[in-house]
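# Breakdown of the fold
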Amino acid sequence: MRILNFVGKYSAFMYLTHVLLIVLLPKVVYFSHVSVLVFVFFSLSSLLVAMVIDWLQKISRYDKLRMALLSIVNQ
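Here is a short report on the structure shown in this document. Model, not experiment: these values are computed from the prediction.

## Observations concerning the environment of methionine 14
Among the secondary structure elements, methionine 14 is positioned in helix H1 (residues 2-24). Note on methionine 14: relative accessible area 16%, which makes it buried. With 48 residues separating them along the chain, methionine 14 and tyrosine 62 place their C-alpha atoms 18 Å apart. Excluding residues within four positions of it along the chain, methionine 14 makes contact with Val7, Ser43, Ser46, Leu47 and Ala50.

## Brief notes about the pattern of salt bridges
Across all of its chains, the model carries 2 salt bridges by this definition. With a shortest N-O distance of 3.5 Å, aspartate 54 and lysine 58 are connected by a salt bridge. Note that aspartate 54 and lysine 58 are positioned in helix H3 (residues 35-59) at a spacing of 4 residues, about one turn of the helix. Here arginine 66 and aspartate 63 are joined by a salt bridge, their closest N and O atoms 3.5 Å apart. Taken together, the residues arginine 66 and aspartate 63, both in helix H4 (residues 62-73) and 3 residues apart, mark about one turn of the helix. Given the relative accessible area of 46%, aspartate 63 is considered partly exposed.

Thresholds applied
Residues numbered from 1 in each chain as written. Predicted model: local features only at pLDDT ≥ 70, side-chain atom pairs only at ≥ 80, totals over all residues. Heavy atoms only, no water. Helix = DSSP H or I, 4+ residues; strand = E, 2+ residues; numbered from the N terminus. Buried < 20%, exposed > 50% of the residue type's maximum accessible area, 1.4 Å probe, protein only. Contact = heavy atoms within 4.5 Å. Salt bridge = Lys/Arg side-chain N within 4 Å of Asp/Glu carboxyl O.

Take a look at the structure:
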């Protein structure tokens, strides 16, 4: 369950970035004709990109900015 919880935390970002990887880097993503290797590479690269996005949101304090903007809009 720990692995699923960890991946579930980043699943939305992984979903959003996998299309970006397919469009921008098709020759890198599909480097092999072995589907297992492509799946593992795709999963790991999407997870890595999702973790970087989450880290960038934390250091930029994205949640505080979002909540501040929402409080201004809701007034």
